[in-house]
Amino acid sequence: MNPSAQSGAPSPEYHPDPDAVASHRAPPGPVGRIGVRAGAGILVLAALAVGGAIANWRPINSGGTEQRERPFVQVGQVGETVSGRLFDATVLDVRGAAKVTSGGATHDTGGVWIVIRLRLTVHTEATSIGYAALRDRRDREYRATTRFDQRLVDSSRQLQPGIPVEGDVAFELPRDAATEVVVQLAKRAVDRRMDDLLEVPLPPVDRATVDKWAAEPTPVVLATPRVVAP
Amino acid sequence: MSIPTVSAPAQSSQPAPTQTAPLAPPVPTMPAPTPPPAWPAMPPFGQPSPSAPPEPPHRLSADATQPLPAVSAPALGAAQSMVSPQPTAGAPQQPEAVAQPAAAAQPTVTAAQPAAEAAARPAVGAARPEPETSGRQPGWWRRNRWGLVALLPALALALGPSLKEGYEQYSRTEPRRPVVAGADGWVAFSGARIRLVEVVEETTVPGYGNRPFQLPKGVRAWRVTLAFETTDPEALAGCQPQLEDQAGRIFTARPAELSGARMPVVRCTPSDEAAGSTYQTVAYFALPRSATPAAVRIIRLTELPSYARLPVG
């Protein structure tokens, strides 16, 4: 028989001993506290190390860097003005030739010369144009030739705002690439990431036309850049 | 009915302290039930409670050296009944200490209290009640408040230098901070003083071979005269004068549009013939016919982002 039930005393189920702690850990001692702080310090150092590793991580063209930082392409047609961040460009004319004359000297080629007449106007600040290229259907790039000076597109001429300048630019291509090309223009010669790139596709021509250009004995005289009326 | 009386020393290997309270009689003649004891509020580790009585030794701790008080026979019987192989699934849960009034946390101690306390002790091996911690320990934000406060200067120290360096590098790429003229029209810039003497349109630009230069259509030529005052001849070496029109467009000196015209070389340093610390220079600009000059800017790469700005007129 349960005596507490007989006496009416409080049952142990409802009156636990307040001092009877079921379980707990003793507070850490001096050594334990040092260990806790050392652990926290190690965690901080580990966080700094991970952050530093991430900050110094320089993936080489991984994660689509080339796609992510591609230029902003502005497309126009021959005869119309294409406007970019810094300048406007208009392709006025396209010709093909076996020889070109610049500065009194004539230059031949084993392929074909493509000569375009350009008009450039910068917007707000004196600026030079450093990149002019033709890109064919196979995505091959042909820069404006450097066999002679082409001051309009070799970064050497500063264009003044609001003063349009026209001139010829020559490109030397293999004949199979000359049938369908796109003109590309930009300010910077090397790094064109995340900047405007002006594109003008040239009218496609057949191979017979290209061969005819390559057989033309008369050289095309390149027009030097000159100021034109706005 | 007889309840065997068992002395406390028989339950412990340690000598028990002297029993001061009389043993409860075998027949239950317990006094009126006392209010149920409650768990006192437990202070954080290492901090004694200001109101709680001194903490007695843990009865069920592993420390077997603690002496146990003698208990009465009924209480021991109750304890034995708990030690006996009875189901323990119904082990009592500890009451919520925060829900108890403060007075209940200090139960009246009576002579029969040790018996009740002994009866209330959970048996060894029984399911232990969950310790009550709600409201007793400070929260995460309170425990880490100083760390969070220290996080702000730590972040500032970690990010500040690189942000400052990046901003300064970005600022140095272009002229962004104009240094304007004082009331006398002079601008103190790069260790020299500069004054705009005049800006005039040149309708007749000199060419070579005693022939005037033919200006392109739609272009006007402007001649800018600047005066300098410095004791250091190289103070403005490599300067670049620019002309700003009222639309904010920037034009450079000695432009290609005026190639063929007889223009002096633009320099902000004294010529070999110049005597003293004061000298002048002339620069030509080509602007569209519709443009009107608004200011002359003197750029020096080593002074960027600062530049001298001299308003026209």
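Residues numbered from 1 in each chain as written. Chains lettered and ligands numbered in written order. Predicted model: local features only at pLDDT ≥ 70, side-chain atom pairs only at ≥ 80, totals over all residues. Heavy atoms only, no water.

Any chance you could explain the overall build of chain A here in plain terms?
When its secondary structure is counted, chain A shows four helices and 11 strands. Within chain A, buried positions represent 41% of all 230 residues. Just so you have it, chain A exposes about 12,500 Å², and 55% of that area is on carbon and sulfur atoms. (Helix = DSSP H or I, 4+ residues; strand = E, 2+ residues; numbered from the N terminus. Buried < 20%, exposed > 50% of the residue type's maximum accessible area, 1.4 Å probe, protein only. Areas by Shrake-Rupley, 256 points an atom, 1.4 Å probe, with all protein chains shown as cover.)

Help me understand the overall build of chain B in this model?
What chain B contains, in helices and strands, is four helices and 11 strands. When the 313 residues of chain B are sorted by exposure, 32% land in the buried category. Long-range contacts, defined here as pairs at least 24 residues apart, represent 76% of the contacts in chain B between residues at least 6 apart. Per element, the accessible surface of chain B, about 18,800 Å² overall, is 58% carbon and sulfur. (Contact = heavy atoms within 4.5 Å.)

How should I be thinking about the packing of aromatic side chains in this particular structure?
Both the distance between ring centres and the angle between the ring planes are used here to describe each pair of aromatic rings. Inspection of the entire model under this criterion finds three aromatic pairs over all chains. Measuring from ring centre to ring centre gives 5.9 Å for Trp113(A) and Phe148(A), while their planes differ by 45 degrees; the resulting arrangement is tilted. With Trp113(A) in strand β4 (residues 105-122) and Phe148(A) in the loop between β6 (141-143) and β7 (165-173), this pair connects stretches of sequence that are 35 residues apart. Residue class for Phe148(A) comes out buried when judged on its relative accessible area of 10%. Its end group placed over the ring of Tyr131(A), Arg192(A) keeps NZ or CZ at 3.7 Å from the ring centre. For the cation-ring pair, Arg176(B) lies above Tyr170(B), with the distance from its terminal atom to the ring centre recorded as 4.2 Å. (Phe/Tyr/Trp six-rings, centres within 6.5 Å; stacked < 30°, edge-to-face > 60°. Lys NZ or Arg CZ within 6 Å of the ring centre and 35° of its normal.)

Please clarify how the sheet that holds strand β7 (residues 240-245) of chain B should be interpreted in this entry.
The strands that make up a sheet pair up through hydrogen bonds in the backbone, lying either parallel or antiparallel. Residues and elements named next belong to chain B. With respect to topology, five strands assemble into an open sheet ordered β1-β11-β10-β7-β8, the strand pairing being mixed. Here the strands that pair on one side only, and so sit at the sheet edges, are β1 (177-180) and β8 (250-252). On average, adjacent strands in this sheet sit at an angle of 35 degrees to one another, irrespective of strand direction. Both β7 and strand β10 (residues 293-299) contribute to a ladder of six bridges, which runs antiparallel. Each residue of the ladder has a partner; that of Pro241, found in β10, is Ile298. (Pairing = 2+ DSSP bridges. Axes fitted to C-alpha atoms, helices over the stretch in contact; angles between N-to-C directions.)

Is there a simple way to explain the side chain of Thr127(A) in this structure?
All names here are of chain A. Among the secondary structure elements, Thr127 is positioned in the loop between β4 and β5 (131-136). The buried category is assigned to Thr127, whose relative accessible area is 5%. Of note is the side chain of Thr127, whose polar atom sits 2.6 Å from the backbone oxygen of Glu125. (Polar contact = N/O pair within 3.5 Å; in protein donor to acceptor, adjacent residues only side chain to side chain.)

Mind showing me how you'd approach the pairing of strand β11 (residues 306-311) of chain B here?
In regular strands, side chains alternate between the two faces of the sheet. All names here are of chain B. Taken together, the four bridges between β1 and β11 define a ladder with parallel strand orientation. Among the inter-strand pairings, Val180 is bridged to a residue of β11, identified as Arg309. Sheet analysis places β10 next to β11, joined by four bridges and oriented antiparallel. Counted as the bridge partner of Arg297 is Arg309 from β11. Linking β10 back to β11 in an antiparallel pair, the connection comprises six residues.

Sorry if this is basic, but what is going on with helix α4 (residues 207-214) of chain A here?
Residue and element names in this part refer to chain A. Within the sequence span of α4, burial applies to Val210, Trp213 and Ala214. An end-on view of α4 places all buried positions within 95 degrees of arc, on one side of the element. Turned more than 90 degrees from where α4 packs its buried face, Ala208 and Lys212 sit exposed. Elements that come into contact with the buried residues of α4 comprise β3 (87-102) and β4. (Arc of directions from axis to C-beta.)

Any chance you could explain the sheet that holds strand β2 (residues 186-189) of chain B here in plain terms?
All names here are of chain B. A sheet is described by the order of its strands in space; here four strands give the open sequence β2-β3-β6-β9, paired in antiparallel fashion. Looking at strand neighbours, the two that pair on one side only are β2 and β9 (278-288), the edges of this open sheet. Across this sheet, the average inter-strand angle for adjacent strands is 30 degrees, counted without regard to direction. With nine bridges joining them, strand β3 (residues 192-202) and strand β6 (residues 219-229) adopt antiparallel strand pairing. Among the inter-strand pairings, Glu198 is bridged to a residue of β6, identified as Thr225.

What is the right way to read the confidence of the model for chain A from this model?
Parts of the model with low pLDDT should not have their predicted coordinates read in detail. Averaged over all residues, the pLDDT of chain A equals 89, while 87% of them reach at least 70. Counting interchain partners and residues more than four positions distant, the pLDDT-below-50 stretch residues 1-8 of chain A has 12 contacts. (pLDDT = per-residue confidence, 0-100.)

Sorry, what's going on with unusual backbone geometry here?
Negative phi values dominate among residues other than glycine, just as trans dominates among peptide bonds. Residue and element names in this part refer to chain B. For the bond from Leu304 to Pro305, the omega torsion is 10 degrees, close enough to zero to count as cis. Mapped onto the elements, Pro305 comes out in the loop between β10 and β11. Even without a glycine there, the phi angle at Ser190 is positive, about 55 degrees. Among the structural elements, Ser190 can be located in the loop between β2 and β3. Phi is positive for Asn210, close to 60 degrees, though the residue is something other than glycine. Tracing the backbone shows Asn210 in the loop between β4 (205-206) and β5 (212-213).

So what exactly am I meant to see when it comes to the environment of Ser190(B) here?
Residue and element names in this part refer to chain B. Residue classification places Ser190 among the buried positions, given a relative accessible area of 15%. Sequence-distant contacts of Ser190, that is, excluding residues within four places in its chain, are made with Ala235, Leu236, Arg300 and Glu303. A polar contact is formed between the side chain of Ser190 and the side chain of Arg300, at a distance of 3.0 Å.

Honestly, the pattern of salt bridges in this entry has me stumped. Any pointers?
Two side chains that carry opposite charge are able to pair once their charged atoms sit near each other. All names here are of chain A. Evaluated as defined, the whole model comprises 29 salt bridges over all chains. In this structure, the salt-bridge partner of Glu141 is Arg143, at a minimum N-O distance of 3.7 Å. Judged by relative accessible area, which is 33%, Glu141 ranks as partly exposed. By relative accessible area, which is 39% here, Arg143 ends up partly exposed. Through salt bridges with shared partners, a single ionic network connects Arg135, Asp139, Glu141, Arg143 and Arg192. (Salt bridge = Lys/Arg side-chain N within 4 Å of Asp/Glu carboxyl O.)

Just to check I follow, could you spell out the side chain of Ser171(B) for this structure?
Residues and elements named next belong to chain B. Position of Ser171 among the secondary structure elements: in helix α4 (residues 145-171). Owing to a relative accessible area of 6%, Ser171 belongs among the buried residues under this scheme. When sequence neighbours within four positions are dropped, the list of residues in contact with Ser171 reads Arg176 and Pro305.

I'm lost on the confidence of the model for chain B in this one. Help?
Residue and element names in this part refer to chain B. For chain B, mean pLDDT is 72; residues scoring 70 or higher make up 56% of the total. Confidence, read as mean pLDDT per element, is least for helix α1 (residues 73-83) in chain B (43) and greatest for β8 (97). In the model, residues 48-112 has pLDDT below 50 throughout and makes 93 contacts with residues more than four positions away in sequence or in other chains. Here the prediction assigns the complex a pTM of 0.63, and the interface score ipTM is 0.75.

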